[in-house]
Amino acid sequence: MPLLVVGTVAYDSIQTPSGQVTEETGGSATYFSLAASRFAHVRLVAAVGEDFPDERRAIFAERDIDTSALEVVPGGLTFRWAGRYEGDMNVAETLDTQLNVLGTFQPRLSPGCAKTPFVFLANAAPRVQASVLDQTPGRRFAMLDTMNLWIDHERDALLEVLRRVDGVVMNDEEARSLTGERNLIRAGNRVLELGPKVALIKKGEHGAFLFSTYMFHALPAYPVGEVVDPTGAGDSFAGGLMGYLARTGRVTIGNLKRGMVYGTVAASFTVEDFGTRALAQATRDDFEVRFHEFLHFVT
C-alpha cells in the first residue's frame with residue numbers, strides 16, 4: 001500500500017569527529033522516504049526553494065518516491081540546518097537553523113495524497129501535523145514524530161494532535177520531557193495514556209523500545225563498527241518501520257516488531273557515512289542481508 005510522508009527536504013551542514021560536509025541533501029522527509037521506499041510506494045510532501053535544482057531530485061527519482069507534491073516556492077530558499085557532534089554521538093549541537101520556506105509551509109494535499117492509507121507526520125509544528133490529519137480522514141494508520149521545541153513551547157497543540165494519531169515515535173529525552181518521567185518504561189506507558197496506541201522510543205546506539213496497549217518490546221541497535229554521522233538515523237528508522245507496515249497493509253504486533261528490525265537496519269546504513277550517502281546506495285537486497293544478520297544477533 002502507498003505511504004504518505006509530510007516533512008522537510010533540507011540542506012544539512014554537519015561536523016563530526018570523522019570530518020565535515022556542507023549543504024548535503026537532508027531533511028526528515030528525505031531520510032524517511034529513502035528508507036521507506038525499499039518496501040512501499042512513497043508520496044513525499046514538502047517544500048523547497050528555487051535553490052533546490054533538479055539534479056538534487058535524482059536521489060528521489062532513483063527510488064519509488066513520488067515527488068509531484070514537492071512544492072518549489074518561487075523566490076524562496078530551502079530549509080537549512082547546521083550541527084556538530086562531539087563526544088556523545090547521540091546528541092547534536094545545533095549551530096544554525098534557517099527555516100526559510102519551512103516558516104510558511106502549509107501542506108495542501110492532492111486528492112490522491114489525501115487518500116493514502118498510511119501517513120507519517122515527520123517532525124513539524126503541531127498545527128502542520130493537525131492540518132494533514134484534517135485532510136486524510138480515511139487513513140488507516142498515522143504516526144507522528146516530534147521534538148522538544150514543540151513539547152516545550154506548543155505542548156497543548158501537540159497533546160491535541162497526539163490524541164488523533166495511532167502511533168508516535170520520539171527519542172528518550174523527548175519522552176522524558178513530554179511525560180515528566182525519568183524512567184523510560186514509565187515514560188512509554190504515560191505516552192500511551194495521551195492517546196496513541198503505539199509508542200516507539202528511540203535510544204540511539206542503545207536501540208529502541210516499543211510500547212502498545214498489548215505489549216512491551218525492546219530491541220538493540222544494529223552493531224556498526226564506526227558511526228560517521230548519526231544525522232537522520234531516527235527518520236530512517238521510522239521509514240523502515242512504516243515502509244514495512246505499508247507493504248504488509250496490516251498493523252499487528254508481529255509486523256510492528258518486524259518493522260522495528262527493518263527500521264534498525266535502515267538506521268545502521270545511515271550512520272555509516274555522511275548525510276544520505278550510505279542509505280541511498282543500500283539496495284533492498286542489502287536490507288535483507290542485514291535484516292537476517294541482525295536476527296542472528298538477537299535470537
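As shown above, the structure is provided for reference.
These figures come from a predicted structure and were not determined experimentally.

Reading the values: the criteria
Residues numbered from 1 in each chain as written. Predicted model: local features only at pLDDT ≥ 70, side-chain atom pairs only at ≥ 80, totals over all residues. Heavy atoms only, no water. Helix = DSSP H or I, 4+ residues; strand = E, 2+ residues; numbered from the N terminus. Contact = heavy atoms within 4.5 Å. Polar contact = N/O pair within 3.5 Å; in protein donor to acceptor, adjacent residues only side chain to side chain. Expected span 1.5 Å × (residues − 1). Buried < 20%, exposed > 50% of the residue type's maximum accessible area, 1.4 Å probe, protein only. Core = buried A, V, L, I, M, F, W, Y, C linked by side-chain atoms within 4.5 Å. Pairing = 2+ DSSP bridges. Right-handed = clockwise from strand over helix to strand, strands pointing away.

Visitor: I'd like a description of the environment of threonine 30, backed by residues and values.
Guide: Position of threonine 30 among the secondary structure elements: in helix H1 (residues 28–36). For the pair formed by threonine 30 and leucine 102, sequence separation is 72 residues and the distance between their alpha carbons is 14 Å. Here threonine 30 is in contact with Thr8, Val9, Thr25, Phe60 and Thr276, once residues within four sequence places are set aside. Of note is the side chain of threonine 30, whose polar atom sits 2.8 Å from the backbone oxygen of glycine 26.

Visitor: Before we move on, could you go through helix H9 (residues 233–248) and cite the residues and values that matter?
Guide: Between its first and last C-alpha, H9 extends 23 Å over 16 residues, near the 22 Å set by a 1.5 Å rise per residue. Burial runs high along H9: 13 of the 16 residues are buried. Trailing H9 by a residue or two, glycine 249 shows a phi angle of about 80°, which is positive.

Visitor: An account of the nonpolar core is requested, with residue identities and associated values reported.
Guide: Ranked by internal contacts, the top residues of the largest apolar core, which has 56 residues, are Leu44, Phe120, Met143 and Met242. Those residues in contact with methionine 242 that sit more than four places away from it in its chain are Leu3, Phe32, Phe118, Val119, Phe120, Phe141 and Met143.

Visitor: Account for the pairing of strand S8 (residues 118–121), with residues named and values stated.
Guide: Neither face of S8 is exposed, since Phe118 and Phe120 on one face and Val119 and Leu121 on the opposite face are all buried. As judged from the 4 bridges shared by strand S1 (residues 3–6) and S8, these two strands associate in the parallel manner. Across the sheet, residue valine 5 finds its bridge partner in S8, namely phenylalanine 120. When S8 meets strand S9 (residues 141–145), the two strands line up parallel, connected through 4 bridges. The partner of phenylalanine 118 across the bridge, within S9, is phenylalanine 141. The handedness of the S8 to S9 crossover, carried by helix H4 (residues 126–135), is right-handed.

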